[in-house]
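Listed here are the chains, written in short residue letters.
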Amino acid sequence: MSNQNGQTLSDKALFDMVRSDFNITKKKIYLNNGSISPLPISTIKSITDFCIRYSETGPDSPDFNDYLDTLKYEVRQRIADLIHSKADEIIFTQSTTEGINMISNGIIWKPKEHILIRNSRNEHFSNYLPWLRAVGDYNLRLSTFPCVSVESTGSSLVKEFDDTFPRHTYRLVSTSHIMYNNGSITPVAYLGTVIKNSNKCTFFSIDGAQSVGAIEVNVKDIRCDFMTFPSFKWVCGPLGLGVLYMKKELMDELKPVDIGSGSAEIMKPKVGKVYQAKKDEAYEKIKFNKYPEKYHASFRNFPGLAGLEASLRYLLRIGICKIQARNKVLSTILRNDLSKLKELLIHEADEEEYRSALISFSFKKKSNDRVQKLNLKLQEQGIILAEREIGGRKILRASPHFYNSEDEIQRTCEVIKSLINTVL
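For the structure given in this document, a descriptive report is provided here.

Reading the values: rules and limits
- Residues numbered from 1 in each chain as written.
- Predicted model: local features only at pLDDT ≥ 70, side-chain atom pairs only at ≥ 80, totals over all residues.
- Heavy atoms only, no water.
- Helix = DSSP H or I, 4+ residues; strand = E, 2+ residues; numbered from the N terminus.
- Rg over C-alpha atoms; globule rule 2.2 N^0.38 Å.
- Buried < 20%, exposed > 50% of the residue type's maximum accessible area, 1.4 Å probe, protein only.
- Areas by Shrake-Rupley, 256 points an atom, 1.4 Å probe, with all protein chains shown as cover.
- Lys, Arg positive; Asp, Glu negative; His and termini not counted.
- Charge placed at Lys NZ, Arg CZ, Asp CG, Glu CD.
- Arc of directions from axis to C-beta.
- Contact = heavy atoms within 4.5 Å.
- Polar contact = N/O pair within 3.5 Å; in protein donor to acceptor, adjacent residues only side chain to side chain.
- Salt bridge = Lys/Arg side-chain N within 4 Å of Asp/Glu carboxyl O.

1. A word on the overall build of the chain
- The secondary structure content of the chain amounts to 12 helices and 15 strands.
- Taken over C-alpha atoms, the radius of gyration comes to 23 Å for the chain, in line with the 22 Å a tight globule of 424 residues would show.
- Each principal axis of the C-alpha distribution contributes one length, and for the chain these read about 85 × 60 × 40 Å.
- When the 424 residues of the chain are sorted by exposure, 53% land in the buried category.
- Surface accessibility of the chain: about 19,500 Å² in total, with carbon and sulfur atoms responsible for 51%.
- Distance from the positive charge centre (59 side chains) to the negative charge centre (50 side chains) of the chain: 3 Å.

Here is the structure:
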């Protein structure tokens, strides 16, 4: 992995500098970046600098408002560079979940329309519950895939999708790009081609919570209409901030869920004209602001935007493809060491091309109790993983990021092995 000067993260000087940017490395072995990533120091400083500027310039002064406009533009442009979109296709949200709800409640549904999503045993609930609610609220029809296996991945998932998709005409298809539990990469570019070749009017929505910032993402190649992701996972940005990418051509297809002074204004009759409203006609009408501001009814997390801009600049300076390569090195070490422990079962895609940096494992016997106990023991030793589940089976998930070291990975495996031999 290299920066603009050609250094790689295997160069000790550069890697030590990156390590020093993340204070968590001084206290813990943090392998839970798939939940929340720590902030680099430059991001923390940017948030602080924003607050100082806010206090010194005046929160509602012309100078500060000009700065906010510039900040929003710069963040949108950096996100566009990250996912290969247009800058004005970026809508700020609080989280991935809010973005998905904006889609599910913003589409103008017709009764009996069909949607296709990943099944509830496999999909993250934040990309399942909003669609399930829409089915009830708008009298829709729901199909799920895969039908056969909880952990269908790669080419087997493609086969199951190909078997399921032709059964109906869908208004929307949704899936996670990388599955939060087994870390498998969904072949979304293939799915997007099948969906759009079948019906260009079918919406394709992607939950990118586990992909954006960790792997190369190109929304144009995927041919998705929507993509949602948070600031605070692999992007290493602040909490309480997310992104909704929406193809600009759909600006009239998705109605804003919320409305306020930040997103709309009132249209009144011309001055001096005597106006008598007709029956059932409102005297004043709503005019939404220019896209994408029409979707920002109440967004005020501007300190978060300052932090996100710094985090994006940090990642883009290193290069996402190089971060992806670094994470692959770390996850391969972890996978190889864990696979030597005969008590463990690793949950992942069979094919290498569909594996991500997320490594999940469980016990072959009495898994649920032992996973919980192992997780607690690891926490006591300052090693942080995440407890998740696949179809009711408890698993432990490790999600290393580019600032983690090979020594941390090896130390984690040694501790797991020792705990299995002595405690579990």
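2. Details of helix α6 (residues 154–164)
- Buried within α6 we find G154, L157, V158, E160, F161 and T164. The buried residues of α6 occupy an angular sector of 165 degrees when the element is viewed end-on, so they sit on one face.
- Residues of α6 that are buried in the fold lie against β3 (114–118), β4 (141–145), β5 (170–176) and α7 (188–198).

3. Looking at the side chain of N327
- Within the secondary structure layout, N327 lies in helix α10 (residues 320–338).
- Judged by relative accessible area, which is 1%, N327 ranks as buried.
- Each residue touching N327, except ones within four places of it in the same chain, is listed here: A214, W234, A357, P400, H401 and F402.

4. Some words on the side chain of H296
- Here H296 lies in the loop between β10 (285–288) and α9 (302–318).
- On the basis of relative accessibility, which here comes to 5%, the residue H296 falls in the buried class.
- Here the side chain of H296 touches R76 through a polar contact of 3.5 Å, side chain to side chain.
- Setting aside residues no more than four positions away along its own chain, H296 makes contact with R76, I91, F92, G262 and S263.

5. Examining the environment of R78
- Tracing the backbone shows R78 in helix α3 (residues 62–83).
- For R78, a relative accessible area of 23% gives the class partly exposed.
- Those residues in contact with R78 that lie beyond four places of it in its chain are E309, L312, R313 and L316.

6. Digging into the pattern of salt bridges
- This structure, assessed with the given rule, holds 23 salt bridges.
- Between E408 and R19 there is a salt bridge whose closest N-O contact spans 2.9 Å. Separated by 389 residues along the polypeptide, E408 in helix α12 (residues 406–422) and R19 in helix α1 (residues 12–20) bring together distant segments of the chain.
- For R335, the salt bridge is made with E348, and the minimal N-O distance between the two is 2.6 Å. Note that R335 is positioned in helix α10 and E348 in the loop between β11 (344–347) and β12 (359–363), a separation of 13 residues in sequence.
- When salt bridges with common partners are traced through the structure, they connect K328, R335, E348, E352 and R355 into a single cluster.

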